[in-house]
Amino acid sequence: MSPKRRFMKNQSMKISSRIASLGVFLALAMILSYVETLIPINFGVPGMKLGLANMVTVILMYIFSPAQAFLISMLRILMSGFLFGNAMSLIYSYAGGILSFVIMYLCFRSKKVKMIPLSVIGAVSHNAGQLIAAAILVTNYNIVFYLPVLIIAGIITGLITGSISAAVHSRLVRMKF
C-alpha cells in the first residue's frame, strides 16, 4: 500500500472513530437526561433539574472541541425535548442551553477557567437563560424574583456536576481517550 493510501485510510479511520465516539457521548447524554426525569426530587422551583446531561457538554469541550460539544448539546436538547418533554420545555431548554454554552465557551477560550467553575458558570447561565425565556413567553417579569434561588441552585448543581465531570475527564485522559 502506498504511503498516500495508508494516510487516507488512517484519516478515514480517525474520522469514523471520532463520529462513533460522539455518538456514544450523545447516547450517554440522552441516558442522563432520562435518568434526570426519574429523580423524584422537588427543588421548589418548577422545571429545575440537576443538569446531569450537561456534564457531557463540559467534558466534550475538553476532549474534543467546543463546536462538537455544542452540536451534541443541541442534538441532546432536541431529542430529549421530543422524548421526555413538550414544546415549552424544548424552548426553555434551548434558551438555557444556548446562553449557557456561549458563556461557557467564552470562559473556556480564556484558558483561565477550570472545569468545576466552568460547570458552575454553565449551570447558573442555563438557569438565567430559561428564566429570560419564561419572562418573555409568559410576559410576566415578576418571575425574575426567582433569580436568587436559581443562582444558588445553579451553584450547587454546578459544583456537583463539575466535580463529577472533572473526575470522569481525568480518568478519560489517563486512558488516553
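Residues numbered from 1 in each chain as written. Predicted model: local features only at pLDDT ≥ 70, side-chain atom pairs only at ≥ 80, totals over all residues. Heavy atoms only, no water.

Q: Could you clarify how one ought to interpret the packing of aromatic side chains in this entry?
A: For any two aromatic rings, the description comes down to two numbers: the centre-to-centre distance and the angle of the planes. The final tally for this structure, using the stated rule, is 5 aromatic pairs. Judged by centre distance (5.0 Å) and plane angle (55 degrees), the rings of Phe70 and Phe101 are tilted. Of the two residues, Phe70 sits in helix 3 (residues 66-84) while Phe101 sits in helix 4 (residues 87-110), which places them 31 residues apart along the sequence. For Phe70, a relative accessible area of 31% translates into the label partly exposed. With relative accessibility at 7%, the residue Phe101 sits in the buried group. Ring geometry for Phe101 and Tyr105: centres 6.5 Å apart, planes at 10 degrees, overall stacked. Of this pair, Phe101 and Tyr105 are both found in helix 4, 4 residues apart, which corresponds to roughly one turn of the helix. In this arrangement the basic side chain of Lys111 is found over the ring face of Phe108, its NZ or CZ atom lying 5.3 Å from the centre. (Phe/Tyr/Trp six-rings, centres within 6.5 Å; stacked < 30°, edge-to-face > 60°. Helix = DSSP H or I, 4+ residues; strand = E, 2+ residues; numbered from the N terminus. Buried < 20%, exposed > 50% of the residue type's maximum accessible area, 1.4 Å probe, protein only. Lys NZ or Arg CZ within 6 Å of the ring centre and 35° of its normal.)

Q: How do you make sense of the side chain of Ser100 when you look at a structure like this?
A: On the secondary structure map, Ser100 appears in helix 4. You can call Ser100 buried: its relative accessible area is 6%. Once you skip the residues sitting within four places of it in the chain, Ser100 turns out to touch Gly122, Ser125 and His126. (Contact = heavy atoms within 4.5 Å.)

Q: So what exactly am I meant to see when it comes to unusual backbone geometry here?
A: Phi is positive for Lys111, close to 65 degrees, though the residue is something other than glycine. Checked against the element boundaries, Lys111 lands in the loop between helix 4 and helix 5 (115-138). Judged by relative accessible area, Lys111 falls into the exposed class, the value being 65%. The residue Thr139 is not glycine, and still its phi comes out positive at about 45 degrees. For Thr139, the position within the fold is in the loop between helix 5 and helix 6 (147-174). Residue Thr139 is classed as exposed on the basis of its relative accessible area of 59%.

Q: How should I be thinking about a nonpolar patch on the surface in this particular structure?
A: Together, Ile31, Tyr34, Val35, Leu38, Leu71, Leu75, Leu78, Met79, Phe82, Leu83 and Phe84 make up a nonpolar patch on the protein surface, roughly 1000 Å² of accessible area in all. Only helix 1 (3-38) and helix 3 provide two or more residues apiece to the nonpolar patch. For Phe84, the position within the fold is in helix 3. (Patch = residues over 30% accessible without salt bridge, like charges linked within 9 Å, V, L, I, M, F, W, Y side chains within 5 Å. Areas by Shrake-Rupley, 256 points an atom, 1.4 Å probe, with all protein chains shown as cover. Salt bridge = Lys/Arg side-chain N within 4 Å of Asp/Glu carboxyl O.)

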